[in-house]
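Summary of structural features
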Amino acid sequence: ATASDETETATFGLGCFWGPDAQFGAVDGVVRTRVGYAGGTSRDPTYHSLGDHTEVFQVEFDPATVTYRELLELVFESHAPNRQTRNTQYQNAVLTATAAQQATLTEFLSSRGFTADGIGTRIEQLSRFYPAEDYHQKYKLRSVSSLMDAFDEAGYDDEAVRESPIAAKLNGYAAGHDVAVLEEPPASE
Ligand code: MHO
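What you see as residue numbers is a count from 1 along each chain, following the sequence as written. Given that this is a predicted model, residues contribute local features only at a pLDDT of at least 70 and side-chain atom pairs are listed and counted only at 80 or more, while totals for whole chains, interfaces and linings are drawn from all residues. To obtain the side-chain values, all non-hydrogen atoms of the structure were included, while hydrogens and water were left out.

Let's shift gears to the environment of E73. Helix and strand labels come from DSSP, where a helix needs a run of H or I of at least four residues and a strand needs a run of E of at least two; each type is numbered from the N terminus. Tracing the chain through its elements places E73 in helix α2 (residues 68-77). Not counting the four nearest positions on each side in its chain, E73 is found in contact with F108 and R112. Here a residue-residue contact requires only that any non-hydrogen atoms of the pair lie within 4.5 Å.

We now examine the site of the ligand. For the ligand, the full set of nearby residues is C16, F17, W18, Y47, E55, Q89, Y90 and H136. Here a polar contact means two N or O atoms within 3.5 Å. Within protein one must be a hydrogen donor candidate and the other an acceptor candidate, and residues neighboring in sequence count only if both atoms are side-chain atoms. Y47 has a polar side-chain atom sitting 3.2 Å from an oxygen atom of the ligand. Y90 is positioned with one of its side-chain polar atoms (N or O) 2.8 Å from an oxygen atom of the ligand. For every accessible area listed, the method is Shrake-Rupley and the probe measures 1.4 Å; residues are considered covered only by the protein chains on display. When the ligand sits alone it has 310 Å² of accessible area, and the protein chains cover 60% of it. We call a residue near a molecule or strand whenever a single non-hydrogen atom of that residue lies within 4 Å of it.

Okay, helix α7 (residues 165-174) next. The rule is simple: take the accessible area with a 1.4 Å probe, protein chains only, and divide by the maximum for that residue type; under 20% is buried, over 50% is exposed, in between is partly exposed. Listing the buried residues of α7 in full gives A167, A168, N171 and G172. One face of α7 carries all of its buried residues, which in axial projection span an arc of 140°. Residues of α7 that are buried make contact with α1 (18-25), β2 (30-38), α4 (139-142), α5 (145-153) and α6 (158-162). Positive phi appears at G176, one or two residues downstream of α7, with a value of about 90°. Summarising the geometry, the arc corresponds to the directions from the helix axis toward the C-beta atoms.

With 5 of 7 residues buried, strand β1 (residues 8-14) is to be regarded as a mostly interior element. With 5 bridges joining them, β1 and strand β3 (residues 54-61) adopt antiparallel strand pairing. By the bridge assignment for β3, T11 is matched with Q58. Pairing analysis gives 4 bridges linking β1 to strand β4 (residues 92-96), with the strands arranged antiparallel. Bridge pairing in β4 places T11 opposite L95. Strands are labelled as partners when DSSP assigns at least two bridges between them.

Here we come to the packing of α2 against helix α3 (residues 99-111). Here an angle of 0 to 180 degrees is reported between the N-to-C directions of two axes, which are lines fitted to C-alpha atoms, with helices fitted over the stretch in contact. Orientation of α2 relative to α3, taken along the N-to-C sense of each, is 50°, at an axis distance of 10 Å. Here α2 lies oblique to α3, going by the angle between them. As α2 runs across α3, the sense of the crossing is right-handed. Taken together, the residues of α3 that come into contact with α2 (itself represented by Y68, R69, L72, E73 and F76) are Q101, T104, L105, E107, F108, L109 and S111. Under this grouping Gly is polar, as are all residues other than the nonpolar Ala, Val, Leu, Ile, Met, Phe, Trp, Tyr, Cys and Pro and the charged Asp, Glu, Lys and Arg. Here the contact of α2 with α3 is built from residues that sort into 6 nonpolar, 3 polar and 3 charged. Note that the term roughly parallel is reserved for angles under 35 degrees, roughly antiparallel for angles over 145, roughly perpendicular for angles of 65 to 115, and oblique for everything else. Take the far helix as the reference: if the near one is turned anticlockwise from it by less than a right angle, the crossing is left-handed, and if turned clockwise, right-handed.

Note that all results are geometric; they support no functional claim without further evidence.
So this is what it looks like as structure tokens:
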């Protein structure tokens, strides 16, 4: 896919953030991912001092290739909206950042026969996203030491790995997700 200049950012919670970080990183049109904490009120959450925050992941995407609505479809295929866990750390959540996202979400929910109040999934406006510790970013990729060594040798620090479009795809691939986008092969002669 050809990327356009303008990306958009979506924030979701689907339990432990390692899995969806990889799953959504593999989606065509998703250019960057990061994991973190949001949805609570306590200051400066960390993994071991999470307070009332929830593990969330952000996907930065190219809306010319994948739409917010398509991401919502994937989010709602990936959890049971009629249920919710009491443990705030792992709650399912859609945290909208703009009025346009809110409008798309409202339309999407009603197309599924849901209302924001009538489902277990938390539907809220994103107030603040706190990036998680480096060792949680691209967690699946981090288990492939040869790839992490290659990033290191190419001069990437932890923040550069977190924000790398290549790392997002490799993280999905490392977790077993299909990252292939099949196009016409180039002519061989
Ligand atoms: N350590 C937990 C969850 C990690 S996720 C970042 C486990 O593997 O079950 O909360």
